[in-house]
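Now for the letters of each chain:
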Amino acid sequence: MSGTPTEAEIQTQWKNTVDILESIRNFADGTLAGAGGKFDTLLQSLEGEYTPLELADFVNTIRSGVSNLITPSQAAAALTPIFYEYAKILAAASTGGQGSGYRTPSELFRAIYEWFVANTVTIKSRAITYDTSVTAGGSNVGNGALTRLTVDENGFNLEACHVEKKIFRCRADQNSGTDKNAEVFEFVGTAASYDSLLRGSTGSGESQRTTLISKHAGTGNGGSLLTNSSFSEYSATATPKFTAWTESAGGAQVVQDATNFYRSHPGAQTNASLRINGGSGVVTLKQPLTAMRVRRLDPNAPYFFRVMVNKTIGTAQNGALVIRVGSQSVSTNISDLASGWTEVTLPLTNVNWFRNFDQDGFDVEIEWTSGSTSGYLLVDDVIFAPWDLIDGTYWCLRGNAATHAAWAVDDSLTVTDTGGAPSTGKLQWWLFVSGFGYLPSSGSPSISDP
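Computed from a predicted model, the values in this text were never measured in an experiment.

Visitor: Quick question: what am I supposed to make of the packing of aromatic side chains here?
Guide: For any pair of aromatic rings, geometry is given as the distance between the ring centres together with the angle between the planes. Tallying each qualifying case throughout the model produces 24 aromatic pairs. Ring geometry for Trp 14 versus Phe 116: centroids 6.4 Å apart, planes at 55°, classification tilted. Of the two residues, Trp 14 sits in helix α1 (residues 7-32) while Phe 116 sits in helix α5 (residues 105-118), which places them 102 residues apart along the sequence. Using a relative accessible area of 1% as the deciding quantity, one classes Trp 14 as buried. Ring geometry for Phe 231 against Trp 245: centres 5.2 Å apart, planes inclined by 35°, an arrangement best described as tilted. You can see Phe 231 sitting in the loop between β7 (210-213) and β8 (246-249) and its partner Trp 245 sitting in the loop between β7 and β8, a full 14 residues away along the chain.

So, in structure tokens, the structure goes:
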């Protein structure tokens, strides 16, 4: 057939294609493969001289043939022409149709994602329940947090991931190959299927195995992108007093405290914290991008920002602590801060993405507002760093307990996702399998599943 299909007709072709892929998968997984399936039934029944060898070969041949029909490469080959047809829709659009000239499938797919966002188009969600609670190993020596970001810059779920049990285990600590507070953890998911069958009930396997480093305020791997993140470099007679930090207001009210600090960090020459004295109006410290350890940020990445603060030691009274990353900020009343050292972060939502905090004259800021009346506030261990991408979602590992204890070898952290069955969001599932990724989704999509 020839002609120029409408967007609705392209979507119908897409659904019909996925319907074939999903029908094969559903029959293969639900009827042929797995425990109690027809393959298993036949193999369990084999005995004799001829049948055990010949019929085992028969099963392997059939399984291989069916598996080859639904491999990631086969799914990608089936879906790619559909996206090229979609390029014509982008080209015809008067607005919001950028990317119509792309010839690389991955770039074109991104343009289609942006088209969906601009036109409020969604497909059915895989309905994954992301585990964000994290279970610490019972014999862990260290403490801290493994935080997860599961939404993109537009607030859509990151659904190009395996639904499985994920274990993060410390493989190197201060005594076995890395610096204290920059421990190396290995990620291991559950076993993957050895072919393309039963993919929905298996995990990410060996191919996804990787490492991540506990983030810290020092230099080197896992270090903050900020300069002087822990306020170690200080001169009472310099302007500014703290290297790389501009005292835009209340400069006379900031000093270094070398007695009370949260923790040390790799490369530290002086262990110290920032002390902000209260009762003198607004006190603000800023660090512009030009003073950071990098001069450019990735426009397609999320960034984590946190400060450790302590109101208790100095009996800080009233006002609010405000932290800012570019155009995004969060304000916490001093009275609402927990006692001792406590972590304050940006909300763990889509505001962490560059596109949502980018602004002219980008900087990060720490401020005690004009409502302060007395006492002093301690600030330490500031971290501004990219999140780590592992199996489709983003992770940030760091120390944040009120009383910090460094991780040790064999400390473990576990998460277990649920849901996400292939039949739940068929279009989304096959985008994931094919390697394209995901598109905006919802429970009540504008494009229904086949």
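Visitor: How should I be thinking about empty space enclosed by the protein in this particular structure?
Guide: Rolled over the atoms, a probe with the dimensions of a water molecule shows which regions are left empty. Tallied over the full model, the rule gives one cavity of 30 Å³ or more. Empty space within the largest cavity amounts to approximately 30 Å³. Of the residues forming the lining of the largest cavity, the biggest block, three residues, is contributed by helix α7 (residues 426-434). Residues of the lining of the largest cavity, tallied by class, amount to four nonpolar, one polar and two charged.

Visitor: Can you walk me through the layout of surface pockets in this structure?
Guide: In this model, the largest pocket occupies a volume close to 610 Å³. If you go around the largest pocket, you meet 22 residues; those closest to its centre are Arg 110, Tyr 394, Phe 436, Gly 437 and Tyr 438. Per-element tally for the lining of the largest pocket: the top contributor is α5, with six residues. For the second largest pocket, the calculated volume is near 250 Å³. Taken together, 18 residues form the lining of the second largest pocket, with Thr 219, Asn 228, Glu 233, His 265 and Gly 267 sitting closest to its centre. Classifying every residue of the lining of the second largest pocket gives four nonpolar, twelve polar and two charged.

Visitor: What is the right way to look at the state of the cysteines in this model?
Guide: Per the counting criterion, the structure on display carries zero disulfides. There is no disulfide at Cys 161, and the cysteine sulfur nearest it, in Cys 396, is 18 Å away. The structure places no disulfide on Cys 396, whose sulfur is separated from the nearest cysteine sulfur, that of Cys 170, by 16 Å. Given a relative accessible area of 0%, Cys 396 falls into the buried group.

About the cut-offs
- Residues numbered from 1 in each chain as written.
- Predicted model: local features only at pLDDT ≥ 70, side-chain atom pairs only at ≥ 80, totals over all residues.
- Heavy atoms only, no water.
- Phe/Tyr/Trp six-rings, centres within 6.5 Å; stacked < 30°, edge-to-face > 60°.
- Helix = DSSP H or I, 4+ residues; strand = E, 2+ residues; numbered from the N terminus.
- Buried < 20%, exposed > 50% of the residue type's maximum accessible area, 1.4 Å probe, protein only.
- 1 Å grid on protein atoms, 1.4 Å probe; cavity = no way out; pocket = protein on both sides within 12 Å on 5 of 7 lines; lining within 4 Å.
- Points joined across faces, edges and corners; volume = space filled by probe spheres on them.
- Nonpolar A, V, L, I, M, F, W, Y, C, P; charged D, E, K, R; others polar.
- Disulfide = S-S within 2.5 Å.

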